[in-house]
Every structure is written in structure tokens, then in C-alpha cells.
Amino acid sequence: MATTKLAVGLLAVLFLTVNGASYVQNADEEYNKNFYGQKIGTFVQDVPLAGITGEVFAAAHRAIWVQKFRLNVPSDCTSVVFLVGEKGGAAVQPDGGGVPVKDNKNSIELASVDNANFTLNLPIELEDVAWLSVYCRNTNETLASVVFNDVETPTPLELNEVFKGEHRVESERVVIVDHQTVFIQNLQYDGQGPATWFIAGNVLPVTSNGATKLSNQDGVFDYGTLPSYLPARNVTVQFPRDASVFEFDWLSLYCTQIHLNFDDVKLPTP
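Residues numbered from 1 in each chain as written. Predicted model: local features only at pLDDT ≥ 70, side-chain atom pairs only at ≥ 80, totals over all residues. Heavy atoms only, no water.

### So, the overall build of the chain
So, point 1. A tally of helices and strands in the chain yields zero helices and 19 strands.
So, point 2. On the chain, roughly 12400 Å² of surface is accessible, and the fraction owed to carbon and sulfur atoms is 47%. (Helix = DSSP H or I, 4+ residues; strand = E, 2+ residues; numbered from the N terminus. Areas by Shrake-Rupley, 256 points an atom, 1.4 Å probe, with all protein chains shown as cover.)

Following this line, the structure appears as C-alpha cells:
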């Protein structure tokens, strides 16, 4: 099984199309060292009673991934929001001078949550962000914040592992296109597994217990089993909206009925 190592180097030329968008990578551009994206930081609390925790990752040129986010809205806060400050802007430090950011439910106002994962779409470019804060507007208090230092926009990342295992499973390149999309080039599979899914998880050896089901080749999550990929075809796999490549150690083509890992690839850790 292919869960032994991960290395990232240079691609000759990568050109792929996912959901109508094209991605090109030149041979002389390095792929973010040994990971896709980067961990920007964790929330630092200014108001302990809010109980704010969470990790922030670079996800795209105008998006970040917030993971394991917890917020207990204080009783005296009637309006809590995410704010971003722009580099070179008036609000050098996290304060009320930032721009509001809509949360994963397309709402500006935040409610108490526990261990939530979501994407935040930014109003400015990722590399222009100076900080992200959780701010109480009626008391004019910063509850917690993350400072953005030397953050780079993620680029597609080719793993040095490919699929090659049971039931004629085999592929060429496996590419992390973004934090919720994986592209598998020329994937083969005989389609004989009775309940075969793409799954992602952390437990070793690879198992469906505690794993997350990913989409099939059509972006559908509610499917019974994967079809045959004979002849080989390019397959794009999506993570659910509340999940990200940052959370998992591996991606597997797995039969959940006979509990057999046809093969897996290791995912990078920021």
C-alpha cells in the first residue's frame, strides 16, 4: 500500500481542468515545499470567556480554511463578526477597523459553535490580509485574532505517490488542486467492489471506521459504489463542505462491504 512516504518536487508541466477551470504549473516553480497550502496560525484569545479556539489555513487566493473552531458568544455581545485587516491599511492591529467576512452560512453575524470546520471567502486577496479577528461590535472588543505572516497563495500540488493496488487499481498523477479537490489522472479500477467509495481518514491501517466519504467522479456524495474506470479516465474527487485535505492523512479507494483497501495515497500535512 502507498502510505509509506510523501515528497514534493517539481512538475514538468501540469495542465488539468477541474469544474471548468484550468490549472497550469511551470517546471521551474516549486510546489510549496512539502505541503499544500500552509497553516497560518491559531486564534489567540483576548477575551478568555469567549472560549475561542481554532486553526487557520491558506486555502486559495481569496479563501481560508478554519478548522476546529469554537466560540462561546459572551452574554454581553449582541453582534459578533469575523473581520479582516488589510496590509498597509488603517487598522494595523486587529480592531474594529477591519472588513466583515461572511461565515460558511453566508451570514456576517456569528453564533456559538463547537468544533466547526468551514471555508471563509475573503473580501481581499489572501496575500493582502494582515489579520483575521473575531470581533464584538457592540462592546468594541477583539475577542480573538490570528496574524498573517508571510502567507503565500497555495498552488496545485502533485504527490509523489500514485494508486496501484487491488482490482486493477492504478493511476498516473494524483494532484491536490485545492483544499477540497483532488484530481486523479488516468485512474483505472475494474468496478467489482460491491460498495467501493473514495474515503479519507487518519487511522492506520486504513479503514472506513471514522473515515469521511468523498464524492464520486460526478461530484455526488450519496452513491452506492464507484463504477468501473476501464478504460482509464481522469477523476476529480471532492471533499464535503465541512471537510478539507488539511484534516486527513490518507485518501483511499476502499470497499466498505468487504473492508478492503484497494489502495491509498498519503496526504500532506501543513
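Back to the write-up after that little detour.
### Topic: the sheet that holds strand β17 (residues 233-238)
By way of backbone hydrogen bonds, the strands of a sheet pair with one another, either parallel or antiparallel.
So, point 1. Taking strand neighbours across the sheet as the criterion, the four strands line up as β12-β13-β14-β17 in an open arrangement whose pairing is antiparallel. Strands at the two margins of the open sheet, each flanked by one partner only, are β12 (157-158) and β17.
So, point 2. Here strand β14 (residues 181-187) runs beside β17; their pairing, made up of five bridges, is antiparallel. Residue pairing for β17: Ile184 is matched across the bridge by Val235. (Pairing = 2+ DSSP bridges.)

### Observations concerning the sheet that holds strand β3 (residues 39-42)
So, point 1. Read from one edge to the other, the open sheet built from four strands follows the order β3-β5-β6-β9, with strand pairing classed as antiparallel. At either margin of the open sheet sits one strand with a lone partner, and together these are β3 and β9 (113-121). The sheet shows a mean angle of 15° between the axes of neighbouring strands, taken without regard to direction.
So, point 2. Sheet topology places strand β5 (residues 53-60) next to strand β6 (residues 63-71); six bridges connect them, and they run antiparallel. When the sheet's bridge partners are listed, Val56 is paired in β6 with Val66. (Axes fitted to C-alpha atoms, helices over the stretch in contact; angles between N-to-C directions.)

### A look at the layout of surface pockets
One water molecule sets the probe size; rolling that probe over the atoms shows where empty space is left.
So, point 1. Approximately 230 Å³ is the volume attributed to the largest pocket.
So, point 2. In terms of residue class, the lining of the largest pocket is made up of one nonpolar, seven polar and four charged. (1 Å grid on protein atoms, 1.4 Å probe; cavity = no way out; pocket = protein on both sides within 12 Å on 5 of 7 lines; lining within 4 Å. Points joined across faces, edges and corners; volume = space filled by probe spheres on them. Nonpolar A, V, L, I, M, F, W, Y, C, P; charged D, E, K, R; others polar.)

### What to know about the confidence of the model for the chain
So, point 1. Confidence in the prediction of the chain, expressed as mean pLDDT, is 86, and 86% of residues score 70 or more.
So, point 2. Under a pLDDT of 50 for its full length, residues 1-15 has, in the predicted model, 55 contacts with residues more than four places off or in other chains. (pLDDT = per-residue confidence, 0-100. Contact = heavy atoms within 4.5 Å.)

### Focus on the pattern of salt bridges
So, point 1. Summed over the entire model, instances satisfying the criterion amount to six salt bridges.
So, point 2. The partner of Glu55 in a salt bridge is Lys39, and the shortest N-O contact between them spans 3.2 Å. Linking Glu55 in strand β5 with Lys39 in strand β3, this pair joins segments that are 16 residues apart in sequence.
So, point 3. Given the relative accessible area of 19%, Glu55 is considered buried.
So, point 4. Judged by its relative accessible area of 37%, Lys39 is partly exposed.
So, point 5. Between Glu125 and Arg62 there is a salt bridge whose closest N-O contact spans 3.0 Å. Of the two residues, Glu125 is situated in the loop between β9 and β10 (129-136) and Arg62 in the loop between β5 and β6; the sequence distance between them amounts to 63 residues.
So, point 6. With relative accessibility at 30%, the residue Glu125 sits in the partly exposed group. (Salt bridge = Lys/Arg side-chain N within 4 Å of Asp/Glu carboxyl O. Buried < 20%, exposed > 50% of the residue type's maximum accessible area, 1.4 Å probe, protein only.)

### Considerations on the state of the cysteines
So, point 1. Going through the model one piece at a time under the given rule, you end up with one disulfide.
So, point 2. A sulfur-sulfur separation of 2.4 Å characterises the disulfide bridge that pairs Cys77 with Cys136. Measuring handedness by torsion sign, the sulfur bridge of Cys77 and Cys136 sits at about -125° and is left-handed. Linking Cys77 in the loop between β6 and β7 (80-86) with Cys136 in strand β10, this pair joins segments that are 59 residues apart in sequence. When sorted by exposure, Cys77 lands in the same class as Cys136, which is buried. (Disulfide = S-S within 2.5 Å.)

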